[in-house]
Amino acid sequence: MTIYRYPLRPPATGNTSVENPTKEVDYVMFQRKRIQYDDSNGSAYYGLNIPNNNVAMNSNPDRVYIAMPQNLSTQYAPTYRQVDVGVGGMAVATGLGVDSFDKAAQALQTAASDALPEFAAKNMMDIVSGASQFLGLAGSATANDILALSKGKVFNPYTEQLFSNMQFRNHMFSFKFFARDDAESRQINHIIKYLKKGALPIYGATGGGTGITIGEDQDGKGAGLIGDLDDRLNSIGAARFYEVPDKFDIKFIRLDPNGDGSTISADLHHKIHTSVCTGIDVNYTPDGQYNAIKNATLGVEDNAPLQVPAVTVNCRFTETQLVTQGQIDQGY
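In this text, all values refer to a predicted model and were calculated from it rather than measured experimentally.

## A few points about the layout of surface pockets
Sizing a probe to match a water molecule and rolling it over the atoms shows the empty space that remains. Each pocket or cavity is described by its volume, and for the second largest pocket that value is around 430 Å³. K33, L48, H273, T274 and Q321 are the residues nearest the centre of the second largest pocket, which is lined by 22 residues in total. No other element matches the three residues that strand β10 (residues 247–255) contributes to the lining of the second largest pocket. Among the residues forming the lining of the second largest pocket, the class breakdown is eight nonpolar, nine polar and five charged.

What follows is the structure, encoded as structure tokens:
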């Protein structure tokens, strides 16, 4: 297991109370993981938004710890829609709760009586509007328009706000890295590559064909077609498929900056469901102009240092599971 951490050293070092060293630092921890797909089980479902659907994961042994960003927030976004229920809709909603035929008939009669004025006015205006169009006359007034002009009132549409669904929470992190020496520069580069790798698919999944299996009792022709298609896809090889990008575990934790990071503390602020990275922006000129540093090591290989003193990284993550009431008490 490798721990990539920024800052590489605590802001204040020392051993005495006079020196007032940094005892603990709050970090955002990122750890990548991948779903463990079973190609032999064609009926398996790997969705993460189904309660109690235990999906096997392979966790990346490496982790990233980055000191808290300047802005830290979350949002909960239930979606509602405005619906004009109308008299008929009110009658149906009321009728669903009755427990006898007589009560249902009475509810429908009441609704029909209430709807009659609106029905008559609408039909009258439809006739007038049709006649006006036939004669080439101007005018497009509705029943509500005429009622407002003549009576100073309009029909009540019985508008309601109705719950539609929940939105997956999004989390945005903006980090600014300052490399104080060569070792920290390499550490920052490792962190950026770790996050970028987790956001991208793997090009080169091979084998497996279509993944469709035909039983012995099925039509032999169908099995032959699937077999031919499997052979064709396997012959194409690595160019045919992408393996989906990694998922991320994200936690807010407090750790000793001089420790090895192998022990994770209790969560801070709120928990985050397993997430996917929906975008990474890396800016090598965060201060508006390009500034290079004198560096004996050039290149872009895995352990190379940065060639600039400061970099900003903006990451966007979206959770794969919706938050419900019961999970608030669990810390989400």
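Anyway, onward from the coordinates.
## A closer look at the packing of aromatic side chains
Per the counting criterion, the structure on display carries 13 aromatic pairs. Judged by centre distance (4.9 Å) and plane angle (75 degrees), the rings of Y6 and F177 are edge-to-face. Within this pair, whereas Y6 is found in strand β1 (residues 3–6), its partner F177 is found in strand β7 (residues 170–178), the two being separated by 171 residues in sequence. In this pair, the class of Y6 matches that of F177, namely buried. An aromatic cluster of at least three residues, connected via ring pairs, comprises Y6, F30, F173, F175, F177, F248, F252 and F317. If you follow R32 out to its NZ or CZ, it ends over the ring of Y194, 4.6 Å from the centre.

## A few points about the side chain of K33
Structurally, K33 can be placed in strand β2 (residues 25–35). In this structure the side chain of K33 is engaged in a polar contact, spanning 2.9 Å, whose partner is the side chain of T274. When residues no more than four places from it in sequence are discounted, the contact partners of K33 are M57, N58, S59, N60, D246, K247, D249 and T274.

## Observations regarding the nonpolar core
Nonpolar side chains tend to gather and get buried jointly when the protein is soluble and globular. Counting residues in each nonpolar core, the largest one holds 26 residues, and the members touching the most others are F30, F173, F177, I191, I250 and F317. Contributions of two or more residues to this core are made by β1, β2, β4 (63–67), β7, α4 (182–199), β10 and β12 (310–319). Considering every element that reaches this core, the biggest residue donor is α4, with five residues. Apart from residues no more than four positions distant in its own chain, F30 is found in contact with R63, V64, I66, F173, F175, Y194, L195, F248, D249, I250 and F317. Residues I3, V25, Y65 and L255 belong to the second largest nonpolar core, which totals seven residues.

## Quick look at the environment of V64
Relative to the helices and strands, V64 resides in strand β4. Accessibility expressed as a relative area gives 0% for V64, which makes it buried. Taking the C-alpha atoms as reference points, V64 and Y27, separated by 37 residues in sequence, lie 9.2 Å from one another. Excluding residues that lie within four positions of it along the chain, V64 makes contacts with Y4, V28, M29, F30, I191 and Y194.

## Notes on empty space enclosed by the protein
For the coordinates displayed, the defined rule picks out one cavity of 30 Å³ or more. Empty space within the largest cavity amounts to approximately 40 Å³. Lining the largest cavity are K33, R34, I35, Y37, V244, P245 and K247. With three residues, the single largest contributor to the lining of the largest cavity is β2.

## Points about the pattern of salt bridges
The full count for this structure, using the stated rule, is eleven salt bridges. Across the pair D181 and R9 runs a salt bridge whose closest N-O atoms are separated by 2.9 Å. With D181 in the loop between β7 and α4 and R9 in the loop between β1 and β2, the pair connects residues that are 172 residues apart, well separated along the chain. On the basis of relative accessible area, R9 is assigned to the partly exposed category, the value being 33%. One salt bridge connects R180 with E184, and the closest N-O pair in it is separated by 3.0 Å.

Definitions and cut-offs
- Residues numbered from 1 in each chain as written.
- Predicted model: local features only at pLDDT ≥ 70, side-chain atom pairs only at ≥ 80, totals over all residues.
- Heavy atoms only, no water.
- 1 Å grid on protein atoms, 1.4 Å probe; cavity = no way out; pocket = protein on both sides within 12 Å on 5 of 7 lines; lining within 4 Å.
- Points joined across faces, edges and corners; volume = space filled by probe spheres on them.
- Helix = DSSP H or I, 4+ residues; strand = E, 2+ residues; numbered from the N terminus.
- Nonpolar A, V, L, I, M, F, W, Y, C, P; charged D, E, K, R; others polar.
- Phe/Tyr/Trp six-rings, centres within 6.5 Å; stacked < 30°, edge-to-face > 60°.
- Buried < 20%, exposed > 50% of the residue type's maximum accessible area, 1.4 Å probe, protein only.
- Lys NZ or Arg CZ within 6 Å of the ring centre and 35° of its normal.
- Polar contact = N/O pair within 3.5 Å; in protein donor to acceptor, adjacent residues only side chain to side chain.
- Contact = heavy atoms within 4.5 Å.
- Core = buried A, V, L, I, M, F, W, Y, C linked by side-chain atoms within 4.5 Å.
- Salt bridge = Lys/Arg side-chain N within 4 Å of Asp/Glu carboxyl O.

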